[in-house]
Structures are given as structure tokens and as C-alpha cells.
Amino acid sequence: MKIAYICNMNLDADGAFGIKTKVFSQVKTLINNNIKTDLYYATYNEVKLVSDNSETILKEKTKKYQTNQKFFFSSISSYLNNDDYKAVYIRLDYFSIDLMKLLKDLKKNQLKIIIEIPTYPYKFEFIEKAKILFKEKKLVLFAKFLMVILQDSIIKNFSVNYIDRIVTYSNDKLIWNTKTINISNAIDTSVISKKRVDCKSNFSNINLIAVSTLNHWHGYDRLIKGLEDYNKKKNDTVVKLFIAGDGSEKSKYESLVKKLKLTDYVIFLGMLDKNELSKYYDLADVAVDSLGRHRVGVKYNSSLKGKEYLAKGLPVISGVKTDLDYIEDIDIYLRFPSDESHIDITKIVDFYIKLTDKYSSKKNLTDRIRTIAVERFDFDTAFEPVSQYFKNIMME
């Protein structure tokens, strides 16, 4: 018996590299746990199947008017409704009529259905995306996305009746009256190199790094305003912020930096490839996770980027409760309030200096943080609750 992993997102799209890596890593983890798994995923105009290390194109899209979800789910339905599969794992994009039809058919064949929700609650992110499309005057896309929001809100209420478990990165035990499997975002630490450490450097300069798609909920404006507050005082340490990535908030951040006369202290790096980004990770002392999740109603955040920071060996600051809050005696993590207050840069400086003193050197500190990433957030560990659930199903 096997598991079918289903992802209807276009994994070949620009900007989908991170999601594709995560999906393939999750499948790899299940297989490494002796759970036979097939992967069904979408590209621009194709549906693909990965089974036994072989990739096959199942179907090519020929009807332009057909929605991506309708094309995808109708293409895989006949493959799933056979005796080969015991359960399906679906990475949720949004609830649609076509998804609900598939869930209904699968449940008729008594398959266990597990849905992964990348963010919960996600409705505020949807609303934020709609606002951005409207502001950018992309009115056709705006109208289509409003239909997505409406369809999701309605169809969800019927679809949940077919779902056995919801995999979530939140700490909710029930979502839509359905039991959850709580996991942390995971990484493959074997492919993320630890940052290089300049043992000769002192505390006259501390570099912060923020890597993201620059959305409203990343909240870097709080940090930029905090830098202005910090620079108004006399300080022994110069603090600089390096922002890597691109997105809807970039122009706003750039305008704010110019307005506050911080161009020497906030450096926009734009989109960087892996090698270029590694150079800036080597320069960094502290990494910045999301500081504005409260803006989209999220009270708990298990970010993928936060785990990458740890794998690099960087201490992390956040503006929302994360999985690090639940590690006993955690000291390599600093959390700020989930509100609109300016980030206190002095607290970051003191936090980093005390950490380095505690571990005797920057190298020891980096090694300690890297160990936490490997022990806590590598895929084999973080995805274990899902693997165990499937193992239990196979024994029924």
C-alpha cells in the first residue's frame, strides 16, 4: 500500500523553488521512513507523477478556458481511486469545488485524507494579497482572486467533512473541528552550509540580515524605525540591516529609509542566488524573522526562513511566538511584542553581545545554533508526527 502526495501548485513557477524543495523533501522523508509515496504535482500546463524515482507526464493541458484546479484534480482522480493507495496527503492551495469533488470521491473509496495548511489562519493573507492587486490596478487578477476567496470560504465548510487530519504549523489542536497534526517547518540541513565566522571581528559593528519576499506581514518597517531611534543616541556599536529579496513592500521600505536618512544603515540587496546570499550570511550576526504577523491575524509562526537562519548558525529575532518559544532554556532567540512598536535595537545589541560572551566565541555560538537546527528542525525530526500517522494507518 502507498501514500499519494498531491500538490496542485505550479512547482515550476518563478519563486516556487522553496515550495518545490519542501515538497520533494517531505516525500523523500516519507520514503526514507519506509512509507511508499507517489507525488502528483502541477507545472504550467502539465500534471506530473513521480514514482519510484521516475517522473512521468500524466496529462498536458489543451483547453485554455479550463481552470488549473479543474484540470489538475480531474487529471489525477482516476489514478487515485484504485487499491494501491491507503491515504492521500494534500498541500492546500485553497478550497474549490474541484477539490471537494476529489475529496468526496476519495472518501467513497475509504482513503484517509490529510490536508496540510501552510499558514493558519490564512484568510488575512488572502485579503492582503487582494489589497495589493487592487492597489497595483491589476483589476482582472483582483476580480479572479476575490472569487478564490469567496469560493474558499464557502466550499471549506463542506470539504472539512471528508478530512481526517489537518497538518498545521500552528499550535492549534483543532481546526474547523478537525484534529490536527502539529509540526514545525523543516529543512534539509545537509544542503545548507554553516556560515563562516570572522573570529577577529569585534562588536563595533553588528549586521542584521532579513531574507524574504517583503510582504506587509514581515514588518521590517518596525525595525527601520527602530534604527532611526537607535541612531539618535550615542552608541558604541554601529548596526546595519541587510534586506535580501523583493516584493510588494520593497518600494515602501526604500522610501522610509530615504525619509529617515538611513541609507548608510539599511542596504537593499534585491534578489540573490544561493552563492551571493551565502556571502551576506557570512557577514551577518543576527537574523530577522517576521515582525508583523499580527497584521494578518497570525499569533504563532513556524517559518521556513527561521529554520534556514538556524542552520546557518545565526541567532534569530521575531515579532511573534514561534516553535523556539517551546524549547526549554532557549537563549539564541529574542522575541519582540506583536504590535506596532518600534524594535529596540539596543536590546538586539545587548542580546548578541551577551550570547557571544556566554559561548566564549562567535564560533562556539554558531556551532550551538547549528546543532539546534539539526536536532530539532531537520526533516527527519520535524516531519516525524506525519510519518508516524501514516505508519499507524498502514498497520490498520
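Residues numbered from 1 in each chain as written. Predicted model: local features only at pLDDT ≥ 70, side-chain atom pairs only at ≥ 80, totals over all residues. Heavy atoms only, no water.

> Could you clarify how one ought to interpret the overall build of the protein chain in this entry?
Secondary structure assignment for the protein chain yields 13 helices and 15 strands. Since a compact globule built from 396 residues should have a radius of gyration of about 21 Å, the 22 Å found for the protein chain is in line with a globular shape. Based on the C-alpha atoms only, the size of the protein chain along its principal axes is roughly 70 × 50 × 35 Å. Relative to its 396 residues, the protein chain shows a buried fraction of 52%. Here the contacts in the protein chain between residues at least 6 apart in sequence split such that 72% fall between residues at least 24 apart. (Helix = DSSP H or I, 4+ residues; strand = E, 2+ residues; numbered from the N terminus. Rg over C-alpha atoms; globule rule 2.2 N^0.38 Å. Buried < 20%, exposed > 50% of the residue type's maximum accessible area, 1.4 Å probe, protein only. Contact = heavy atoms within 4.5 Å.)

> What should I look at first to understand the side chain of Asn-207 in this one?
Checked against the element boundaries, Asn-207 lands in strand E10 (residues 205–211). By relative accessible area, which is 15% here, Asn-207 ends up buried. Not counting the four nearest positions on each side in its chain, Asn-207 is found in contact with Lys-240, Phe-242, Leu-283, Ala-284, Asp-285 and Val-286.

> Which parts of the structure should I look at to understand the sheet that holds strand E12 (residues 266–270)?
Either a parallel or an antiparallel arrangement is found when strands of a sheet pair, and the pairing is made through backbone hydrogen bonds. Here six strands make up an open sheet; going across it, the order is E12-E11-E10-E13-E14-E15 and the pairing parallel. Looking at strand neighbours, the two that pair on one side only are E12 and strand E15 (333–335), the edges of this open sheet. Between one strand and the next, the sheet's axes are offset by a mean angle of 25°, whatever the strand orientation. Examined bridge by bridge, strand E11 (residues 238–244) and E12 share four bridges and lie parallel to one another. Residue Leu-241 lies in a different strand from E12, and its bridge partner there is Val-266. Along the sheet, helix H8 (residues 274–283) contacts E10, E11 and E12; its crossing angle with E10, the most-contacted strand, is approximately 145°. Together, E10, strand E13 (286–288) and strand E14 (316–318) form the strand contacts of helix H9 (residues 304–312), whose direction differs from that of E10 by roughly 140°. (Pairing = 2+ DSSP bridges. Axes fitted to C-alpha atoms, helices over the stretch in contact; angles between N-to-C directions.)

> How should the nonpolar core be read in this particular structure?
One finds Leu-208, Leu-223, Ile-224, Leu-241, Val-288, Ile-345 and Ile-348 to be the most contacted residues of the largest nonpolar core, which totals 57 residues. Top contributing element to this core by residue count: helix H10 (residues 345–358), with six residues. With 38 residues, the next largest nonpolar core counts Leu-102, Ile-115, Tyr-122 and Phe-145 among its residues. (Core = buried A, V, L, I, M, F, W, Y, C linked by side-chain atoms within 4.5 Å.)

> What is the right way to look at H10 in this model?
An α-helical segment advances 3.6 residues per turn. Residues three or four places apart therefore align on the same side. For H10, which comprises 14 residues, the first-to-last C-alpha distance of 20 Å matches the rise-based estimate of 20 Å (1.5 Å per residue) to within 8%. Every buried residue of H10 is listed here: Ile-345, Ile-348, Val-349, Phe-351, Tyr-352, Leu-355 and Thr-356. For H10, the angular spread of the buried residues around the axis is 160°, confining them to a single face. Residues of H10 that are exposed and point more than 90 degrees away from the buried face comprise Lys-354, Asp-357 and Lys-358. Positive phi shows up at Ser-360, right after H10, with a value of about 75°. (Expected span 1.5 Å × (residues − 1). Arc of directions from axis to C-beta.)

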